[in-house]
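Given next are the chains, with one letter for each unit.
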2 protein chains.
Amino acid sequence: MRLLPNSTLLRLVRFVQLKANLSSLNPTIREILNNPPDTNSVVTVNGHIKSLRTSKNVGFIDVSDGLSSDTLNVVFPKPDTVLEKQHFKVGQSLSVTGKWIESRGKQKYELQFDVDESDHKLSIVGNVPDDFPIQKKTHSLQFLRSLPTLRHRTTGLASVLRFRSLVESKLIEYFDRNSFVKVSPPLITSSDCEGAGEQFKVEQLNKSAGEFFGKPAYLTVSTQLHLEILAHSLNRVWTLTPCFRAEDSNTNRHLSEFWMLEAEVSYVNHVKQLTALVEDMIRYTAQAIKDEGVGYSDLIKARFSKEEAAKVEQRWDTVLLLEQWPSITYTEAIEIINQVKCKGRLKGRLEWGDSILTENEKWLAGTHFQSPVFVTDYPSEQKPFYMPKSHESVYDADRPTVACFDLIMPEIGELVGGSMRELDHDKLLAEMKNRKMNSADMEWYLSATLNGSVPHGGFGMGFERLIAYLGAMDNIRDVSAFPRAPELCPC
Amino acid sequence: MRLLPNSTLLRLVRFVQLKANLSSLNPTIREILNNPPDTNSVVTVNGHIKSLRTSKNVGFIDVSDGLSSDTLNVVFPKPDTVLEKQHFKVGQSLSVTGKWIESRGKQKYELQFDVDESDHKLSIVGNVPDDFPIQKKTHSLQFLRSLPTLRHRTTGLASVLRFRSLVESKLIEYFDRNSFVKVSPPLITSSDCEGAGEQFKVEQLNKSAGEFFGKPAYLTVSTQLHLEILAHSLNRVWTLTPCFRAEDSNTNRHLSEFWMLEAEVSYVNHVKQLTALVEDMIRYTAQAIKDEGVGYSDLIKARFSKEEAAKVEQRWDTVLLLEQWPSITYTEAIEIINQVKCKGRLKGRLEWGDSILTENEKWLAGTHFQSPVFVTDYPSEQKPFYMPKSHESVYDADRPTVACFDLIMPEIGELVGGSMRELDHDKLLAEMKNRKMNSADMEWYLSATLNGSVPHGGFGMGFERLIAYLGAMDNIRDVSAFPRAPELCPC
């Protein structure tokens, strides 16, 4: 071992050493295109081959680095000489050093690789098999679902994940601006928030003896009850976390593991304050993204087809064009469905108390209102134990309803559900007993009502559903990086 | 049922109705203090009673609404008359409408409630029992841990959760600015990333027959492998998600459920690029918060004691003052520990290949370097299967090391761990076999190396540890809203 200088000296030496070595990340294709280097300067670009074409005198490679739908065109003269050395295939990753030149094509610049220039370099960094399945042609989303580790190499699905990141970022901005505190409620819990028993149980894999947590533990179906506790301390709280439902449903709207945006607000007294918040949140997010332009145009440019692109624009218009989204009560919704949708018919008519099926929700928002629509004040029986009765202005003792709302979107149905929360300890306890829930497990939640409680309410929004709606995707499995559903956990 | 107008008319009617009803959230105490209303105007404030005092002629109530450490002073003359009607207790929530006046106290303004003014109002919204445990006096953190639903009502712990939210927001800003895509890898997985078997198993609670996912499924211990797949598509990805470890360890540094910030970057070739990224990320976050001032001063103002406040400042200086954090190899770390810490002694000396214990990590960062310090190139045996061998500049075939790093912080030890990732399919497979891992379960991961792979690396940071360090908290259970640990899942 070599002798070391004393510690102070060593520190100084190290700093000097490090400074010289410090290297940062390589520029991205978007950064290079946005801040183009001088023409004729030598530039290095890394990325995957998206497409290839050659003529007699020149070859072209479209390179994408995954950070935008922009590709960079690499041009190489003397294709015969180049192709003799390199066997290019779509999907390979490569590194190209060449000359930055003005382009006569669609893009303003391109990278010219000249095999005879000593400072030009082109190397295949990662090869693909000859039957690499992701090609330039459009693949069906269903086919892509069979390739869980490769499907995000397509421009379309990559753009959806980038869009999801952007939406999350704007939502954070929204809640920051409105003084909300982002909190991290637990995913492992000993309570069942919804009382529906559709939970996953959590156990230590190499179990020694007894329960790891000293009692049975489950994956949360909603973080609402914990959020309510935190809203008593922090006033306005929100979270975006995974939630889990062990439902045996294989639909394009359900996942066993999904991300839920939940918020709880103290010192609100009326459902209308909550619906105003939800509308403001979604509008803000969409408007901010549209105003900035880059993320929105990336989403549209990367679509699988022109029809898909038009669908994106139409959905954003639906969210943004109306000055305000309509709001009706459940009772009014039933009346509208019976008097307009089922006018004169018996089939499909609803009785007060019936559930509004997804088909009717889609009709209400998509056909009737042609807008997102809030439906408020549902029958108590259809909703969980923690909702108080409706505001006196709409309450009818013969048809008891609770102070709640759903936000219904055209084409997808329910996106958000929320309510005021019951503050009366005895009413909560009675309601839990009515529903045969185990109130002993919920003592921690009930105790909040006796310890300086405040009027509050909140909501939950399926995050993948929002992305699917704004991204004009039909199946939420395509907006989740690795979707989980019954029989679906390949990795 | 009343007759409805036709749908178009109905829509119009609704909009008009709604506009009139639309109500927003009440202003917060901070908003009122930052944009003070005209003096003598009538203002309503909602919040919890933090403290109370009365003299013969006047009473004072300190009200906090949980969104900052700022309290608002409510002053009431004629305390005898007021107290005859109201029995105030610390912890009650209340709503006060009174006159906004200039204050002669520490704050510029206060709210005057005059029991004889007809437009003044004071009501207790939520009561507390007489033995409400959260009082003005300082409670020990250990005592507060016994009150999982009430402890965040203390100014100190509430400020820590607000700080956590702020740090998350700044990290998102950092990654946005550096073109990273935030992704949501799955928490339910069929693979064991670390191969250590410290996993929780996930099963349907009301199991019908067979496995819900068609195979055994676990809670993730790290999302790294999925992030690597996504980095091949999206180039620069990061996530902040819960991770789970079924370790039977009850320490102040471990949780069974914790949040991990993980990032993977494509087109990097050297560990130094990763350490530069980590350093930049943490510095950016701390500097941005300190520069903005409000969140930082909130954290300090809300501390339990002056010593605690000084500790916050000292830790931020440690992160920000040095121009660059030192970086040493594992081999150098062993030399320093033996030659400086254990100078001349036999006890505590380390052999090459020994683990650097937390005690030595704390000494290295806290005493020797007095700075966060990167330790790179650990012996292969101490690290997981996916790390490639060290860069040739430091590799020694007799003492094989891998291209990895840990970031060691004063007082807490390891905060971040990261590495380059092996790209060679056969080397990965051989290493997995060496370690008796089930490579069949990992075929999806291995396949990435054969399908256009790119050089990449990444890291994981325990989010609660970062909050504990920057927030100067000694136990990560106090920076987690509802911590989970063996035998600890009360709600």
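What counts as what
- Residues numbered from 1 in each chain as written.
- Chains lettered and ligands numbered in written order.
- Predicted model: local features only at pLDDT ≥ 70, side-chain atom pairs only at ≥ 80, totals over all residues.
- Heavy atoms only, no water.
- UniProt positions renumbered as here; feature names shortened; annotations may be inferred.
- Axes fitted to C-alpha atoms, helices over the stretch in contact; angles between N-to-C directions.
- Helix = DSSP H or I, 4+ residues; strand = E, 2+ residues; numbered from the N terminus.
- Parallel < 35°, antiparallel > 145°, perpendicular 65-115°, else oblique.
- Contact = heavy atoms within 4.5 Å.
- Nonpolar A, V, L, I, M, F, W, Y, C, P; charged D, E, K, R; others polar.
- Pairing = 2+ DSSP bridges.
- Domains from an automatic or database assignment.
- Buried area = accessible area lost by both parts, 1.4 Å probe.
- Polar contact = N/O pair within 3.5 Å; in protein donor to acceptor, adjacent residues only side chain to side chain.
- pLDDT = per-residue confidence, 0-100.
- Salt bridge = Lys/Arg side-chain N within 4 Å of Asp/Glu carboxyl O.
- 1 Å grid on protein atoms, 1.4 Å probe; cavity = no way out; pocket = protein on both sides within 12 Å on 5 of 7 lines; lining within 4 Å.
- Points joined across faces, edges and corners; volume = space filled by probe spheres on them.
- Buried < 20%, exposed > 50% of the residue type's maximum accessible area, 1.4 Å probe, protein only.
- Least-squares fit on C-alpha atoms with pLDDT ≥ 70 in both.

Naming follows an unreviewed UniProt entry, where chain A appears as asparagine--tRNA ligase of Candidozyma pseudohaemuli. Quoted verbatim from the Sequence similarities (unreviewed entry) field of UniProt, the annotation for chain A is "Belongs to the class-II aminoacyl-tRNA synthetase family."

## A look at the packing of helix H9 (residues 306-320) of chain B against helix H14 (residues 463-470) of chain B
Residues and elements named next belong to chain B. Taken N-terminus to C-terminus, the directions of H9 and H14 make an angle of 115 degrees; their axes are 8 Å apart at the nearest point. With respect to H14, the element H9 is oriented roughly perpendicular. Contact with H9, carried on its side by Val-312, Arg-315, Trp-316, Thr-318 and Val-319, involves Ala-468, Tyr-469 and Leu-470 of H14 and no other residues of that element. Of the residues assigned to the contact of H9 with H14, the class counts are six nonpolar, one polar and one charged.

## Some points on the sheet that holds strand E13 (residues 327-329) of chain A
The eight strands lie next to each other as E7-E11-E12-E17-E16-E15-E14-E13 (chain A), forming an open sheet whose pairing is mixed. Looking at which strands have only one partner, the edges of the open sheet turn out to be strand E7 (181-182) and E13 of chain A.

## Considering the domain arrangement of chain A
Residue and element names in this part refer to chain A. Here the domain parsing of chain A yields domain 1 (29-137) and domain 2 (151-478). Between domain 1 and domain 2, the C-alpha centre-to-centre distance is 45 Å. Taken together, the contacts link eleven residues of domain 1 with nine residues of domain 2. Of the roughly 760 Å² buried at the junction of domain 1 and domain 2 (both faces included), carbon and sulfur atoms supply 50%. On the domain 1 side of the contact with domain 2, Lys-50, Ser-69 and Ile-134 bury the most area, a combined 55% of that side's loss. Between domain 1 and domain 2 we count five residue pairs in polar contact (both at pLDDT 80 or more) in total. Across the side of domain 1 that touches domain 2, the residue classes tally to three nonpolar, five polar and three charged.

## Some words on the confidence of the model for chain A
Interpreting fine coordinate detail is not advised for predicted regions of low pLDDT. Residues and elements named next belong to chain A. Looking at chain A, pLDDT values average 92 and 95% of them are 70 or higher. Overall, residues 1-23 carries pLDDT values under 50, and its contacts beyond four positions in sequence, including any with other chains, amount to 39 contacts. The ipTM value of the predicted complex is 0.94, and its pTM value is 0.94.

## Quick word on the interface of chain A and chain B
Every contact between the two is made by 134 residues of chain A and, on the other side, 133 residues of chain B. Summing both partners gives a buried area of about 11,900 Å² for chain A against chain B, and 59% of it is carried by carbon and sulfur. By the criterion of area lost to chain B, the three top residues of chain A are Leu-25, Tyr-267 and Gln-324 of chain A, representing 6% of everything that side buries. Inspection of the region where chain A meets chain B yields two salt bridges. For Lys-182 of chain B, the salt bridge identified is with Glu-168 of chain A, shortest N-O distance 2.2 Å. Inspection of the region where chain A meets chain B yields 49 residue pairs in polar contact (both at pLDDT 80 or more). Here the side of chain A that touches chain B gets nine residues from one element, more than from any other, and that element is helix H5 (residues 155-177) of chain A. Its residues assigned to classes, the side of chain A that touches chain B comprises 63 nonpolar, 45 polar and 26 charged. Relative to strand E9 (residues 200-204) of chain B, strand E9 (residues 200-204) of chain A is paired through five bridges, and the arrangement is antiparallel. Across the sheet, Phe-200 of chain A pairs through a bridge with Gln-204 of chain B, a residue of E9 of chain B.

## A short note on unusual backbone geometry
Backbone geometry at Glu-487 of chain A places phi at a positive 65 degrees, although glycine is not the residue there. With respect to the helices and strands, the residue Glu-487 of chain A is situated in the segment after helix H14 (463-470). One non-glycine residue with positive phi stands out, namely Asn-40 of chain B, at about 75 degrees. Considering the arrangement of structural elements, one finds Asn-40 of chain B in the loop between helix H2 (29-34) and strand E1 (42-54).

## As for empty space enclosed by the protein
Enumeration according to the criterion identifies 16 cavities of 30 Å³ or more in this entry. Within this model, the largest cavity holds a volume of roughly 110 Å³. In terms of lining residues, the largest cavity is bounded by 15 residues, among which Asn-26, Pro-27 and Asn-46 of chain A together with Asn-235 and Tyr-267 of chain B are the most central. Among the secondary structure elements, those contributing two or more residues to the lining of the largest cavity are helix H2 (29-34) and strand E1 (42-54) of chain A together with strand E12 (257-266) of chain B. The class makeup of the residues in the lining of the largest cavity is eight nonpolar, five polar and two charged. Space inside the second largest cavity adds up to approximately 90 Å³.

## Thoughts on the side chain of Ser-233 of chain A
Here Ser-233 of chain A lies in helix H6 (residues 224-234). Residue class for Ser-233 of chain A comes out buried when judged on its relative accessible area of 7%. Within polar-contact distance, the side chain of Ser-233 of chain A engages the backbone oxygen of His-152 of chain B at 3.3 Å. Filtering out sequence-adjacent residues up to four positions away, Ser-233 of chain A remains in contact with Gly-66, His-152 and Arg-153 of chain B.

## A few points about the environment of Leu-364 of chain A
Residues and elements named next belong to chain A. If you trace the backbone, Leu-364 turns up in helix H11 (residues 358-368). Using a relative accessible area of 1% as the deciding quantity, one classes Leu-364 as buried. Here the alpha-carbon distance between Leu-364 and Val-42, two residues 322 residues apart in the chain, equals 59 Å. Residue contacts for Leu-364: discarding those within four places in its chain leaves Ile-328, Ala-333, Ile-336, Ile-337, Phe-369, Gln-370 and Val-375.

## Brief notes about the pattern of salt bridges
Residues and elements named next belong to chain B. The full count for this structure, using the stated rule, is 48 salt bridges over all chains. In this structure, the salt-bridge partner of Lys-341 is Glu-359, at a minimum N-O distance of 2.9 Å. Of the two residues, Lys-341 sits in helix H10 (residues 330-341) while Glu-359 sits in helix H11 (residues 358-368), which places them 18 residues apart along the sequence. On the basis of relative accessible area, Lys-341 is assigned to the buried category, the value being 19%. The exposure class assigned to Glu-359 is exposed, which follows from its relative accessible area of 54%.

## Details of the side chain of Thr-149 of chain B
Following the sequence through the fold, Thr-149 of chain B ends up in the loop between helix H4 (141-145) and helix H5 (155-177). Of the residues examined, Thr-149 of chain B reaches a relative accessible area of 13% and is grouped as buried. Once residues within four sequence positions are removed from consideration, Thr-149 of chain B is found in contact with Ile-229, Trp-444 and Ser-447 of chain A.

## Focus: the pairing of E12 of chain B
Successive side chains on a regular strand alternate, one facing one side of the sheet and the next facing the other. Residues and elements named next belong to chain B. Burial of E12 is extensive: ten of the ten residues sit out of reach of the surface. The pairing of strand E11 (residues 236-244) with E12 spans nine bridges and is classified as antiparallel. Bridge pairing links Cys-243 to Phe-258 in E12. Sheet topology note: the E12/strand E17 (residues 456-462) ladder contains seven bridges and is antiparallel. Counted as the bridge partner of Met-260 is Gly-462 from E17.

## A look at the relation of the copies chain A and chain B
Superposition of chain A onto chain B requires a rotation of 180 degrees combined with a translation of 0.0 Å along the rotation axis, giving an RMSD of 0.0 Å. In symmetry terms, the pair is related by a two-fold rotation axis. If distances are taken from each C-alpha of chain A to the rotation axis, the shortest is found for Val-202 of chain A, at 2.5 Å. Most of the interface of chain A is mirrored in chain B, where 99% of its interface residues are also at the interface.

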